[in-house]
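Fold and geometry: a report
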Amino acid sequence: MAETLVAARKPARKPVTGARRPGAGRHVRRYWQLWLMVLPAVGFVAVFMYVPMYGIQLAFREFDFAAGLTGGDWAGLKYFRQFFDSPLFWPLLKNTFVIAFTTLVVGFVAPILLALMINQIAGGRRKRVMQTATYLPHFISIVVVVGMLQAFLNPSTGLLTRALAPFGLDGVNFLGDTAAFVPVYVISDVWQHCGWNSIIYLAALSRVDPQLYEAAKVDGANRLQLIRHVDVPSIVPTMVILLILTMGGVLNTGFEKVWLMQNNLNLPVSEVIATYVYKIGIFSTQFSYATAIGLFNTVINFAFLIAANAIARRVSNWSLW
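In this report, the structure presented in the accompanying data block is examined. (Residues numbered from 1 in each chain as written. Predicted model: local features only at pLDDT ≥ 70, side-chain atom pairs only at ≥ 80, totals over all residues. Heavy atoms only, no water.)

1. A few points about the environment of Ile282
Filter applied, for reference: Helix and strand assignments follow DSSP, with helices taken as H or I runs no shorter than four residues and strands as E runs no shorter than two, numbered in order from the N terminus.
Within the secondary structure layout, Ile282 lies in helix α15 (residues 273–283). Spatially, the C-alpha atom of Ile282 lies 25 Å from that of Phe181, the residues being 101 residues apart in sequence.

2. Side note on the nonpolar core
As a reminder of what qualifies: Only buried residues count toward a nonpolar core, which is a set of Ala, Val, Leu, Ile, Met, Phe, Trp, Tyr and Cys residues joined through side-chain atoms within 4.5 Å. Relative accessible area decides the class of each residue, using a 1.4 Å probe on protein chains only: under 20% of the type maximum gives buried, over 50% gives exposed, and in between gives partly exposed. We call two residues in contact whenever any of their non-hydrogen atoms come within 4.5 Å of each other.
Residues Val184, Ile235 and Met261 are the most contacted members of the largest nonpolar core, which totals 31 residues. Those residues within four positions of Met261 in sequence are excluded, and the remaining contacts are Val146, Leu149, Leu175, Phe181, Val184, Tyr185 and Asn266. If you look at the next biggest cluster of nonpolar residues, it comprises 19 residues, including Phe60, Phe80, Phe89 and Ala292.

3. Concerning the side chain of Asn266
Defined as follows: Whenever a nitrogen or oxygen atom comes within 3.5 Å of another N or O atom, the pair is scored as a polar contact, on the condition that within protein one atom can donate a hydrogen and the other can accept it, and that pairs from neighbouring residues in sequence are kept only if both atoms are in side chains.
Residue position: Asn266 is located in the loop between α13 (255–261) and α14 (267–270). The class for Asn266 is buried, based on a relative accessible area of 0%. From its side chain, Asn266 meets the backbone oxygen of Leu175 in a polar contact 2.6 Å long. Among the polar contacts listed, one links the side chain of Asn266 to the backbone nitrogen of Asn263, at a separation of 2.9 Å.

4. Focus: α15
Of the residues making up α15, those classed as buried are Ile273, Thr275, Tyr276, Val277, Lys279, Ile280 and Gly281. Against the buried residues of α15 lie α4 (78–85), α5 (89–119), α13, α14 and α16 (287–316). Once α15 finishes, Thr285 follows within two positions and takes phi at roughly 55°, a positive value.

In C-alpha cells:
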C-alpha cells in the first residue's frame, strides 16, 4: 500500500517534445534510391511544365519578334478585355463547355460500368479476353480514329450510314450535321478510351476482400446487390480522386480530334477555345492574344479543380489536399 502511495505521488513523466527531426540531407541519404527513381519525373515536370510558365507574361505584353518575350510594351489586361468583348467569346465558351462536360459525364461513368461488368465475368480466360478487347482501341492513333469515322459515316458509302438507312437516317452527313457532331465525338471518345480508363477501377476491385462477397451471398444477395453494396463502395475513393483530377483539365478538350473532325459545316459547334487559340496564334500570329486566351482557359480549369476538391472533401471526406 505504501509503495502504491509513493508511486502515485511521483510526478508524471513529461513527453519529450524537443526531439530533433532528421534533416533533409539525412533523409535524402537514407532514401537516395527512391529519390533517384523519381528524379526523371521531377525533371520532366520542371522542364516541360514550370519552365514554360515564364512565357505567361506574353499575355500582358505587346509581343515584338525583335525584342523577345520580355521586350514588348506592357499591355496589361488589354487582350483579356479584347477576348471578353469579342462576339466569339460566348459561342466558344458554350461549345467548349458542352463538349467537355458531355465527355466528362459519359466518359467518367462508362469506365466504372465496364469495370463492374468485367469484374463479374467468371473465368480468368474470358475476363482477360474481354479486357484486351476493350484496351486495344486506346492504342489507335487519333488520326486513324478520325479516318475511320470519315469512312464509316460517309453519307453515300459509309458502313454505319447504310446500316442506319432502315431507320430513316439514309444519307445523313453525321460529321457535317451540327446536331450530330457532339454525340459522334463523345461516343467515339468513349469507345477509344473506356477500356483503358477502367484499368484503375479493376485494380481497386481486385483489392476487395473475398469474404465480403461470401458474407453477402450467405445473406442472400444477388449480383446486382453485390455490385451495389460491395463493389461500388470499394471504388468510391478512386472515383472521387479521379473526378477531381479530371476537373483540373475539364476545358482542355481533345484539340487533335476536334481539329481533325472540324469542317465548315460543323464549325458553329466544333469551334472550341483550343482550336481558336491555334488559329489565332499560329495562322494569325497574334501570340499575345492567343496566350491571353490560353491563360484564361487555364485559370478556369484551376478554379474547377479547387471547387471540386473542396466539395469532395466536404461531402465524402476524400480529397487531394
